[in-house]
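# What the coordinates show
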Amino acid sequence: MKGRCAMDRPVQSIDNVRLTDAEDAVVILDQSLLPGRTEYRVLSDAESLREAIFSLRVRGAPAIGICAGYGMYLLARRIKTESVPEFLAKLRACKDYLDAARPTAVNLSWATARMVRRAGENAGRPVPEIVRLLGEECRRIQAEDAEMCRAISEHGLTLLRDGDGVLTHCNAGPLATSRYGTALGPLLLGTERGMRFRVFADETRPLLQGARLTTYELSRAGVDVTLICDNMASIVMKNGWVNACFVGCDRVAANGDTANKIGTSGVAILARHYGIPFYVLGPTSTIDRSCKTGAEIEIELRDPEEIRSKFYREPMAPEGVRCYNPAFDVTDHSLITGIVTERGVCRPPYTESLAALFSGGDDHKEGSYEHPVL
Ligand SMILES: CSC[C@@H](O)[C@@H](O)C(=O)COP(=O)(O)O
């Protein structure tokens, strides 16, 4: 820590998703262009919102949820009717339309459902008043996410020591959330406090979120980051350079099975082989208690061209060769050392420790999980 002190490098907010001042559009930082180009996109209708989510211009489960929350508000403002039942029916249609953009990240349908629920709870009020409440709700989704990421970062940091090596997969940092991020949150928070880590970032084929986004975020924050290809994870673990794996999540089933970016389950299997703890970090909004196990999680299949040709000038495979391109895989709960949420670190058996998070409803206070003092 020589020459460094706490708050040496305060984590800068990344302006990744917001409403315009006039509240007539959602503005996103186009993550599909990073790190080469920093460009913002203005999304002012349902089609552009859905396209931005589908094309990963806005990506990462919590950020998708935040964008969808703002999108629902934007679309609610455009519904021209004084009839509350008609308004609610149209709002539900907007939800279905946006939800279809990406099926695996539960935060998308979680956020749109939250907006529909807020409207339904206020069905006794006039439409303009419901719309005003929806404006408050979407802002709350983003503000709560920032708070959750901060708490996840604090809990995650209790699992690390100064000087640790950490391997991460995909991108679960500020771009994918708000401010600190989830899996990258403890690393950013610790760095802010003068700790040092050595991070290995899997490039994350085929869309390179690790190479393009994780290394961008970490190096910008002064974290020592080394980019590796996905198939190099085993050698860095074998070399003894990795003390823990930290990954994000797109949907966590009630038994702890976790869907995250394709390749995550392979990292977990390697970590088990080398005796390295494997942690999943995410907000409680990513836990889907209606899914009993990972077998119930729908896995998004994407365009084969992402494997065959995207990012390459020369063809990397014969034209038209058959490809299988699942965007996510499910890590078995038995491979997960702990699941870190804003409410603490859950340990196996997850069916009990995850359920305990919700035992007091949304105002949960205590449960059968570690809750380090913040
Ligand atoms: C805090 S983001 C957690 C996950 O959403 C992240 O790890 C991930 O898998 C993102 O996938 P992506 O397809 O880039 O949206």
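Conventions used here
- Residues numbered from 1 in each chain as written.
- Predicted model: local features only at pLDDT ≥ 70, side-chain atom pairs only at ≥ 80, totals over all residues.
- UniProt positions renumbered as here; feature names shortened; annotations may be inferred.
- Helix = DSSP H or I, 4+ residues; strand = E, 2+ residues; numbered from the N terminus.
- Contact = placed C-beta atoms within 7 Å.
- Buried ≥ 20, exposed ≤ 12 C-beta atoms within 10 Å, placed from the backbone.
- Core = buried A, V, L, I, M, F, W, Y, C linked by C-beta atoms within 7 Å.
- Domains from an automatic or database assignment.
- Near = placed C-beta within 6 Å.
- Nonpolar A, V, L, I, M, F, W, Y, C, P; charged D, E, K, R; others polar.
- Pairing = 2+ DSSP bridges.
- Axes fitted to C-alpha atoms, helices over the stretch in contact; angles between N-to-C directions.
- pLDDT = per-residue confidence, 0-100.

- The name an unreviewed UniProt entry assigns to the protein chain is Methylthioribose-1-phosphate isomerase, from the organism Anaerotruncus massiliensis.
- In its Catalytic activity (unreviewed entry) section, the UniProt record describing the protein chain reads: "5-(methylsulfanyl)-alpha-D-ribose 1-phosphate = 5-(methylsulfanyl)-D-ribulose 1-phosphate".
- Reading the Function (unreviewed entry) entry of the UniProt record for the protein chain gives the comment "Catalyzes the interconversion of methylthioribose-1-phosphate (MTR-1-P) into methylthioribulose-1-phosphate (MTRu-1-P)."

### Focus: the UniProt feature "binding site: substrate" (unreviewed entry) in the protein chain
- Here the UniProt-annotated "binding site: substrate" (unreviewed entry) positions come out as Arg 59, Gly 60, Ala 61, Arg 102, Gln 209, Asn 260 and Lys 261.
- Structurally, Arg 59 is set in the loop between α1 (46-54) and α2 (61-78).
- What Arg 59 contacts, discounting residues up to four positions off in sequence, is Gln 31, Ile 64 and Ala 176.
- Position of Ala 61 among the secondary structure elements: in helix α2.
- Owing to 28 C-beta atoms within 10 Å, Ala 61 belongs among the buried residues under this scheme.
- Excluding anything up to four places from it in sequence, Ala 61 contacts Ala 105, Asn 107, Asp 250 and Thr 286.

### Topic: the nonpolar core
- Grouped together as the largest cluster of nonpolar side chains are 100 residues, with contacts concentrated most on Ile 64, Cys 67, Met 72, Val 199, Cys 245 and Tyr 279.
- Sorting elements by how many residues they give to this core places α2 first, with 12 residues.
- There are two domains that each give this core at least three residues, and those are domain 1 (17-147) and domain 2 (150-363).
- If near-sequence neighbours (up to four positions away) are discounted, Ile 64 is found in contact with Ile 53, Val 58, Arg 59, Arg 102, Ala 105, Asn 107 and Leu 108.

### Digging into the site of the ligand
- Neighbouring residues of the ligand: 19 residues in total, closest Arg 59, Ala 61, Ala 172, Gly 248 and Lys 261.
- Of all the secondary-structure elements, those providing two or more residues to the shell around the ligand are α2 and β9 (258-261).
- The residue inventory of the shell around the ligand, partitioned by class, reads 9 nonpolar, 7 polar and 3 charged.
- Looking at which domains feed residues into the shell around the ligand, each of domain 1 (17-147) and domain 2 (150-363) supplies at least three.

### Remarks on the sheet that holds strand β1 (residues 17-19)
- Taken together, the 3 strands give an open sheet; going across it, the order is β1-β2-β3, and neighbouring strands pair in antiparallel fashion. Every other strand in the sheet has two partners, leaving β1 and β3 (40-43) as the edge strands with one partner each. For this sheet, the mean angle separating the axes of adjacent strands, direction not counted, is 25°.
- By the bridge criterion, 3 bridges tie β1 to strand β2 (residues 26-29) in an arrangement that is antiparallel. Bridging across to β2, Val 17 finds its partner in Ile 28.
- This element, α1, spans β2 and β3 of the sheet and lies at about 140° to β3.

### Topic: the environment of Asp 202
- Residue placement: Asp 202 occurs in strand β5 (residues 198-202).
- In this structure the C-alpha to C-alpha distance between Asp 202 and His 169, which are 33 residues apart in sequence, comes to 5.1 Å.
- Ignoring sequence-local partners within four residues, the contact set of Asp 202 consists of Thr 168, His 169, Gly 210, Ile 228, Asp 230, Ala 233 and Gly 263.

### Describing the pairing of strand β6 (residues 224-228)
- Across 5 bridges, β5 lies against β6 in parallel orientation. Looking across to β6, one finds that Phe 200 is bridged to Thr 226.

### Some remarks on the sheet that holds strand β11 (residues 287-288)
- Sheet architecture is open: 4 strands sit in the order β11-β8-β9-β12, paired in mixed fashion. The outermost strands of the open sheet, each flanked by one partner alone, are β11 and β12 (328-331).
- One ladder, built from 4 bridges, connects β9 with β12; its direction is antiparallel. Looking at β12, one finds that Lys 261 is bridged to Phe 328.
- Contacting β9 and β12, helix α9 (residues 264-274) crosses the sheet at an angle of about 35° to β12.

### Details of α9
- Considered for burial, the residues of α9 that qualify are Thr 264, Ser 265, Val 267, Ala 268, Leu 270 and Ala 271.
- Of the surrounding secondary structure, the elements contacted by the buried residues of α9 are β4 (165-168), α8 (233-238), β7 (244-247), β9, β10 (278-281) and β12.
- Among the residues trailing α9, Gly 275 stands out with phi positive, at a value near 70°.

### Overview of the confidence of the model for the protein chain
- This prediction gives the protein chain a mean pLDDT of 93; 93% of its residues lie at or above 70.
- The model gives residues 1-6 a pLDDT under 50, and that stretch makes 5 contacts with residues more than four places away or in other chains.
- Taken over the whole predicted complex, pTM reads 0.93, whereas the ipTM for its chain interfaces reads 0.99.

### Concerning the environment of Leu 74
- Turning to its location among the elements, Leu 74 is positioned in helix α2.
- On the neighbour-count criterion, Leu 74 (24 C-beta atoms within 10 Å) is buried.
- If we ignore the near neighbours within four places in the chain, the residues touching Leu 74 are Ala 25 and Val 26.

### A closer look at the pairing of β7
- Across the two faces of β7 the burial is the same, with Ala 244 and Phe 246 and Cys 245 and Val 247 all buried.
- The pairing of β4 with β7 spans 3 bridges and is classified as parallel. Residue pairing for β7: Thr 168 is matched across the bridge by Phe 246.

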